[in-house]
Every structure is written in structure tokens, then in C-alpha cells.
Amino acid sequence: MLLIDGWKPHDKLDVATLGPTLSLLGKRQSHLFSAGDWRADPFIVSLVDDGLLVLHEAPLDDVLRDLAEAGALRSDDASPGADHVIALGDGFVSVDVNTWNQIRRSARPVDLELLTPPVFSSTAAKYQEFRNFVGATEGAPRWSGLAARMHLRRDFEAEVLDHALKQVQSRELPAPIVVEGQTATGKSIGLASIALELSRSGRVAVLHQARRTVRPAVEDVDMYAAWAEDHGAEATVLVWDGMTNPAEYEALSRQLRARGRRVLIIGTTYKKQAAPSSTIFTAAAELSPGEVSRLIDLLTSFGVEIRRPKNALDTSFLAFLYYTLPETERQLRSGLAREMRAAELAISELAREQNEKPSSQQRLTAMQAALQAAGIDLEELLPQSNSDKPVAAQSFAERAPLQRITALVLVAGKHGVPVPIDLALRVLGREGSQSVRDALNSSDIIREINDDNGEIFLAARSHLEAELLAQHEVPVTVEIEVIAEAIRNIRILDGFGGGADEVQFLVSLFERIGPAADLPRYRMHFGEIADALRERRHELGSPRPRLALQESNFVRGYVQWQQDAHEGSLASRVSALEYNAELLDEVLSSASTKGLIRLSLSVELASTLGAIIYEYSHGENGETIEGLAGRLDDVLGAVLDARAVDPGNTYPVDVLAWSTLEAIGTGAMRPDERLDRLAYAVATLESLDRSTLSEAQLAKLDSRGVSLNKALADDAAVWSYLQNLETNTSPAATYFLAQSEAKNVPNGERQALSRLRAAPAQTRKDWRCAQLLVDLTWRDIAGARLLSGERLPLHLSPADLAQIASLSADLQGAELPDLYRLRFIQAVAQFSKGNYAESGKLFREVGDLTRQLSKRIYTSYFLADENQVPRVFTGRVEFADARSGEVWVNELGTRIKFEPRLFSATGDFARSQQLPAFLVGFKLSRGPVAEPRSIYRSRSHA
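It should be emphasised that the depicted structure is a prediction, and the values quoted were computed from it without experimental measurement. (Residues numbered from 1 in each chain as written. Predicted model: local features only at pLDDT ≥ 70, side-chain atom pairs only at ≥ 80, totals over all residues. Heavy atoms only, no water.)

Asker: Before we go on, may I ask you to explain the overall build of the protein in this structure?
Answerer: A count of helical and extended segments in the protein gives 40 helices and 23 strands. Here the protein holds 942 residues, and 51% of them are scored as buried. When contacts within the protein are restricted to residue pairs at least 6 apart in sequence, long-range pairs at least 24 apart make up 69% of them. Element-wise, carbon and sulfur atoms account for 50% of the exposed surface of the protein, whose accessible area totals about 41,500 Å². (Helix = DSSP H or I, 4+ residues; strand = E, 2+ residues; numbered from the N terminus. Buried < 20%, exposed > 50% of the residue type's maximum accessible area, 1.4 Å probe, protein only. Contact = heavy atoms within 4.5 Å. Areas by Shrake-Rupley, 256 points an atom, 1.4 Å probe, with all protein chains shown as cover.)

Here it is as C-alpha cells:
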């Protein structure tokens, strides 16, 4: 857009020279301010009539001031010289350099630079941009073409955009959106386009992360979301083109929700997978009639005529569109084979000119010739003894060094993963050589690309080309050799040392070919990949968590293939799994292994131990099965470790359930052992907060629960053991009998509570009985399951407080997996009694224990009177900023936290200012908080 001010009729700028320039910008893109002297000029009038110029009487300064006063321009937040500006509300906000630099480690904010469409000097320039956009290599999106709306809009884009906006409007914290679809269906371009549209709305702050770079760090996204919230964003949207399992998006979403952040994650995946809490949209492989019409209109707008196809058009047509567009500089229509032959002929000519003619047996590629021109000895790079052997028949080791690079790029490229250039050069043996990089860049088929963080990668010109070439030149055996070579050459850094994350390159590749990808052609080779990972671990001297996780995953996948193919003996398979378990134990024993990687490793350990039980339970040779109860205890330990990181994760609980069923089915455990382990599995299932689970998750867990209870019901020996309760003090027996009474007997909860309270002290402290005792005690007090609702009125009578004190005494020293539940009850009780210091200490412990729980940010209960009516309090502000504050509560004589924006649209409060009357609620994350009375009233009327 062109803005002109202060121009007078007799200035040096000739009015006649302005017309051609304005015509290049398009209609209503040029504005003339202080235009009173020009209204009678015939040339200016003609430009106005053609829509090429808009006249304004007022000076530009006055217009900008009026916009600022109206709130459409935030001159204080986004100065004209600001480097990074995002659209929020009706104006713009400048992103400070510290915020920008931190978030750029994890994602790219969609700022004004990306939103602004390019200005083309001519239709030819616009056409060339369109052709470059269509033929762009995979990697960071070509934002200029997207901003100019040069892409084909797929149907799923409107559906995802509509659902995303509804999620943002919803009061509930948003769940991830995942777009699934095969290669070349427009997922990446579609998500980038959605990112632009969401940013244009001004309602949300948008981040974009291409799958080429490292995964977003929760700390970075949390920081940016907090910054965006402070500047008026309704939410933050992270568009993560990760092409990974939906569980990855859900894990990050849970972490951000646990921190109270309104962050909507929109991701991509190759195939439809179980996604308990995500909404799935599909990028169809065929173009719909509407999409075909839009494609024809798009091409026609650039002068490219195309007939409407009679049959359904596959999206792979888009990948070939690059070759069908008319050329302006060089011919590329010949296809891959002809292009390679032409390059060979050109290189032969170059070699003759340099008097370095190769022998007739040596066929040079474009990259090899460029290396020769760069002064590198081709004798090192070309095959000597096997040049007549077809490339497809050569092993990886038999290929020339440059052919190995090509194979590496094709193997990764067919799965949509670019290769870090340093890794490629390391495979070639010339790390860091600029001349080698120049040679690689001389080939058009393999291109050097930059990701959003500026890291350099090699990629095939298109995903589809890589797949087609790999089919003909890289059989699966060579693919495995390529992967093993990559494992041997990746750089592994203990800390951040700059450069691309090469371990993440491997992890991304493994996600596409590993056990989770369910690609049969790779399964029999999982053992070779696991061996390569093990050899690299031995070379390093100590395991690295991400690689150890992958090694274990491939070992377990290979064992599963052996089972299905009836390969190997039970002893050898169990031995491999035992070795796996020892490796995982070693990694988990390190204090530095924490967060999501600890969760993944714990779940993998539980799955490995469960796989050992499965092997024994399905053995066909009558092997003696010993120590199954102990193995189940090990599974339980891994499951509890995983739940300590993420109490809401259902996968480890499911692992324990099916492992228990497999072990019970062997008949190799004593009745007391069977009862004890069934109780562990059932108690773990019962401990999950069902209010946070999806229908699919609930259905799966209910099915496991039915199977576990059926195993108990069908076990006559176990029932006989239960009936002799008077002669033993088994915690498992006490747990099952109390649970049965609570569920199946009239007034059974009171009876079950009496049974638990009468049990020996050690029985009460068993975590299964302790957990049930906590739940039943709270039900007796509040009439509902603990933490099962939101903003519920709560009154604790003296008798209720006495019950809680007795519960605390009974369970002192008990090791509860979900200790936060007991601590929350104790904290609320201490607050109700006026022991605010002790209550604060307990609430801080609750906050630490619930960092991964999404419901920790919700207000669970309000203090109420004897009639269960929330009590109203008054107080004055102690301090307040844009995000939080503290208020002194007159009736209680203590200070508690509050959120200013809940009480005022501006969120501005001065010290000692009277806060509007409020209620006192309790959160897992912050303890006691003040909230407006209107929140409870609106909830009651909903």
C-alpha cells in the first residue's frame, strides 16, 4: 500500500509519471492525503475514477491520530519502526525482542510480515511467484504466495477454521485439532493458510511450527501465551505441522492446560489414529467437485487453461502441476528420467571442456560434476569396480559416496523428513565443506532448504518425486542400510550446542517407519534398526533417553513380528525384552530424566514388562512360569511412575489392565496373588478422573474393567479366599469387599466406610484401601465424588472437619499414588478452620503434585453456609497487575489471590481499592481465590 502526503501540484514529482506506478499496485492500494489542491486536476480525477487512487482531505497525521483514539491503531504498542508486529483486536501489537527470541526457538509467530501480500511489478512477476509457489520444496511455507492467496483451498480448511474459532469462543480449554491424510493432500499448505486466516481475525495470537524443526517447548509456548493474554488475545493457536501421533499434540496440550493457558493446538498426522481428546479432520486423497472448480478458477486467473476432468482428480495432480505450467527460463517438462539424462550429457560436455574426461564406465551426475569443478577428486566419489551394476541392485556400501547422499535424501524424503545438511556431509566424510554444499545445490532434484529457525537441510524437490525415485533405486534392504548409516553418523549433543537437532531427525523418521506406523514391509527389519541403535549407544558409553526409547520400541516391535511370523524361540524373545527393561531402568534411574520423556520411557517400560508376561502366557512349549506376580509388580511400578508425571494419562493404566489379564490367564499364580494383582489393576482404573476423559477413553477403560471383574467373578479359589476374610488381613480382600459393598449394597457406602475404618492400620494404609477411604469419606461429607464438578458450594461442619482430621491421622505415612486428593481435602479443611499458614503450605504441595492435570486451573468449590449457599465476602486490593492480584478478605482476616480481569474489563485496580463483593473458591493450582458473584449466578442459570 502506498501513502502520499504533502504533495503539491508544482512539486518535482510529475503527476504523469505516477499513473504507471499506481497501476502496478492495484485498485485502492494508493492513498493521497491533504488532497484538496488535486481535486480539479484531470489526470488525478481519472486515476480516482479508475479506482487506482483514493483521496483524503485530512493530513496523514490527523488520520493516524483519529485511528489511535478510536482504538484501531495502538501507537504505544506497535510503533511504525517495530520489527515484529501481530494483529490483535482492531489494531496491532509489537512483540518485544526478548519475547520474540524466546518463542522463535519453538515456533514462528504469524506477524504482519507474513500477513502482508507481496506487491508485483507486473503480471509476469505475479505469474513467476505463482509458479515458484507451486514448485516450492517442502519445508517452511512460502508465505508470500499464501498471503497472495495462490493456493488451492481444500474443503477441510473451512471446516478446521470454523471448528477452531468455536473452540476459541468456548469457555472450556480447547482440545487439539488434528488433520490426517496421505502424502500430497495439501495438509501443510492448508494449515499454513489457516494460520494466516486465524491471525487476520485479530482474536488470537498464532504460532506456526513446521515439522522440519525441533518440537515446541512447553516453556516457550507457555511464555508466549501469557504474553498474548496480557495483550488482549482471546487465546493462542499453535499450528504445529508435526506429522506425528496425535498423542504428541495431546500431551503438549495437557501440559499447557495444566498451566492455565488457553492454547489450541492444530496438528497433522499421516493416518487416522486413536486420538482420545482430539478432533480429527481428513484431507481427502481426491479433489471434490468444489475443489476442482476452485482449481480451474485459480489456474485461469493466471492464464493457464485446463479442461474440467471427466473423472475424479487425485491430489497427486497438484504435485505434477509444477511441470505442466509453461516455463520462462528452462525446460522441466521432461520428467525425472529425462532430466537426469540431460544433466549427465551437460556434465560430460563440462568434463570435456576441463580436459578431465571420465571413462566410459563412469556416468556423472550433476552434483558429481559440480564437485569436480570445485576441485574435489572424483576418484573418491565414484564407484570403481561395480559401475556396470544397476543402482537398484547395489547395496548402500557398494554405492559411490554421492549416491549414498542421494539415497539418504530419498529415503528420508519419501517419508517427508528433510536431512540436516551436516549429517549428509558427515556421511560423505566432508563435514562443513562449503564446496560440497555448492555442489549439492547445483542439482535441482535435491535442494538445500532452510527451516523457520534458519537451520539448513537437504530435501528432494518434492515428496512425491522422492517416493517415485526411491521405489526404483532404493529397495527396502538399502533403506535399512541408509537408516543404520544415519544412526552411526548423527551428532548427539548433551546440551544445546547450535545446529539442527539430528536426534529429532531420526525420531521423526522412526515415527514414519517404526512400530506405530504399521507399515508391514519394515517389520522384519526392526531388529537391524535396534542393533544399530544399540551399537551407537555402546559407542557413546551411556544411553541417551530419546534414542533409548526408540531402541526399546524397535526391539519390542521386532519381538511382535517374530511372534506373528513364528520366528525365534520364547527364550530368545524374552531375553531381548529383559535386556530392554534393564536399559529403560538405567535411563529412568537418572535424576535428569524427567517431564514428557520420563512419561514415555515409563510407559515403554510398562509395555515391555507386559510383553514379557504376554510371551509367557502364550508360550506353546510348556515352559515353567515363575515370578509372574513380581513381574506384575514391576509393571505397576512403571505405571505409577508414568502417572506421577501425568495423572490423567490413560495409556499406562490400560497397559497394567491387559498385563494383569494376561498373567491371570496363565493360572500360574496363587489365589492370594491373583486377588492382590486384580485389586491393583482395578484400583488404578478407579483412580482415574472420569470427568476429564472422552467417550472413547471411557468405553475402553470400562471394557477393561468388565474383563477384570469377570476374571474375579470366574475365579472360585479367589472367592473362597475372600470369604475367609476373618482369618486373614489381606488389603486386597478388604479393598474388594468394601468396593463391592459401596457399589452393590443399599446404603453400601456407609458400610464400606465402616469396614475400612475398622481394618488394621497397615491395611488402611495400603494405597488401594487408602484411596477408597479418601473417596468414601469425601462422598459422606459432600455427597459426590471428590473434584467431580466445578464451582460447587461446600460447607464443612465441625463433624465434617473431625472426619477429615481422623482420615489424616489414619493415613499418615500412606504412600498414595494420587496424594494430591488427600492433600487438597486437608488444605480446604485447614482453611475452613482458619489455619491459613498451614493451608497455604498444603495448597503449594497440591500445586506441585498436579502440574500435568488440566482441571487444576478450575475452581472446584466455593465456601458456603449451612444451607449450601455460597458466602459473600468483601475486601480491598493489596496489589494487582494485568494478570493477577491479591485481596485482603475482611471477614477472614487473610489475603487471597484474584484475577483482575474477572472483575473489570480493563483489569485496572489500585492498591487499597475496594474490590466488588466476591466469593471464595478453591483451585488445585492456586488454592483459595476470589471470584465475582456473577460467575456463580451465570453457572446456576446455565
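Asker: Would you explain the environment of valine 828 in this entry?
Answerer: Within the secondary structure, valine 828 sits in helix H37 (residues 819-832). The class of valine 828 is buried, set by a relative accessible area of 1%. Along the sequence, valine 828 and lysine 923 sit 95 residues apart, while their C-alpha atoms lie 10.0 Å from each other. Leave out the neighbours within four places in its chain, and valine 828 touches Leu794, Leu796, Phe843 and Phe922.

Asker: Honestly, the sheet that holds strand S2 (residues 30-32) in this entry has me stumped. Any pointers?
Answerer: In a beta sheet, neighbouring strands are held together by backbone hydrogen bonds and run either parallel or antiparallel to one another. Strand order in this open sheet of three strands is S1-S2-S3, and the pairing throughout is parallel. Looking at the sheet topology across the chains shown, the edges are occupied by strand S1 (2-4) and strand S3 (54-55). Where S2 meets S3, two bridges bridge the pair, whose relative direction is parallel. When the sheet's bridge partners are listed, leucine 32 is paired in S3 with leucine 55. (Pairing = 2+ DSSP bridges.)

Asker: Could you clarify how one ought to interpret the side chain of arginine 768 in this entry?
Answerer: Structurally, the position occupied by arginine 768 is in helix H35 (residues 767-782). A relative accessible area of 1% places arginine 768 in the buried class. A polar contact is formed between the side chain of arginine 768 and the side chain of aspartate 766, at a distance of 2.9 Å. Setting aside anything within four residues of it in sequence, one finds arginine 768 in contact with Asp676, Ala679, Tyr680, Ala683, Pro731, Ala732 and Tyr735. (Polar contact = N/O pair within 3.5 Å; in protein donor to acceptor, adjacent residues only side chain to side chain.)

Asker: When you look at the confidence of the model for the protein in this model, what are you seeing that I'm missing?
Answerer: Interpretation of this model should avoid reading the predicted coordinates in detail wherever pLDDT is low. Scored by pLDDT, the protein comes out at a mean of 80, with 80% of its residues at no less than 70. Considering only residues more than four positions removed or in separate chains, one finds that residues 74-81, a stretch of pLDDT under 50, has 13 contacts. Confidence drops under a pLDDT of 50 for residues 327-371, and excluding neighbours within four residues, the segment shows 74 contacts in the predicted structure. (pLDDT = per-residue confidence, 0-100.)

Asker: Sorry, what's going on with the sheet that holds strand S15 (residues 446-450) here?
Answerer: The strand order S14-S16-S15 describes an open sheet built from three strands, whose pairing is antiparallel. Strand pairing shows two members of the sheet lacking a second neighbour, strand S14 (419-420) and S15, which therefore form its edges. As paired elements, S14 and strand S16 (residues 456-460) share two bridges and run antiparallel to each other. Across the sheet, the residue bridging to proline 420 is phenylalanine 457, located in S16.

Asker: How do you make sense of the nonpolar core when you look at a structure like this?
Answerer: Where a protein is soluble and globular, its nonpolar side chains tend to be buried together. Phe824 and Phe918 are the most contacted members of the largest nonpolar core, which has 106 residues in total. Each residue touching phenylalanine 918, except ones within four places of it in the same chain, is listed here: Arg871, Val872, Phe873, Thr874, Gly875, Val887, Val889, Phe903, Ala930, Glu931 and Arg933. The next biggest cluster of nonpolar side chains, apart from the first, holds 47 residues, and it includes Val411, Ala412, Phe510 and Ile529. (Core = buried A, V, L, I, M, F, W, Y, C linked by side-chain atoms within 4.5 Å.)

Asker: Would you mind going over the pattern of salt bridges with me for this structure?
Answerer: Between side chains of opposite charge, a pair can form as their charged atoms come close. Evaluated as defined, the whole model comprises 49 salt bridges. Of the charged contacts, one joins arginine 294 and aspartate 155 as a salt bridge, the two residues approaching to 2.7 Å between their closest N and O atoms. One end of the pair, arginine 294, is in helix H12 (residues 289-301); the other, aspartate 155, is in helix H8 (residues 155-169), with 139 residues separating them in the sequence. For aspartate 155, a relative accessible area of 30% gives the class partly exposed. In this structure, the salt-bridge partner of glutamate 931 is arginine 791, at a minimum N-O distance of 2.8 Å. With a gap of 140 residues between them, glutamate 931 in strand S23 (residues 927-932) and arginine 791 in the loop between H35 and strand S17 (792-794) connect regions that are remote in the sequence. Both residues of the pair, glutamate 931 and arginine 791, count as buried. Where salt bridges share partners, they join Asp633, Asp676, Arg677, Asp766 and Arg768 into one cluster. (Salt bridge = Lys/Arg side-chain N within 4 Å of Asp/Glu carboxyl O.)

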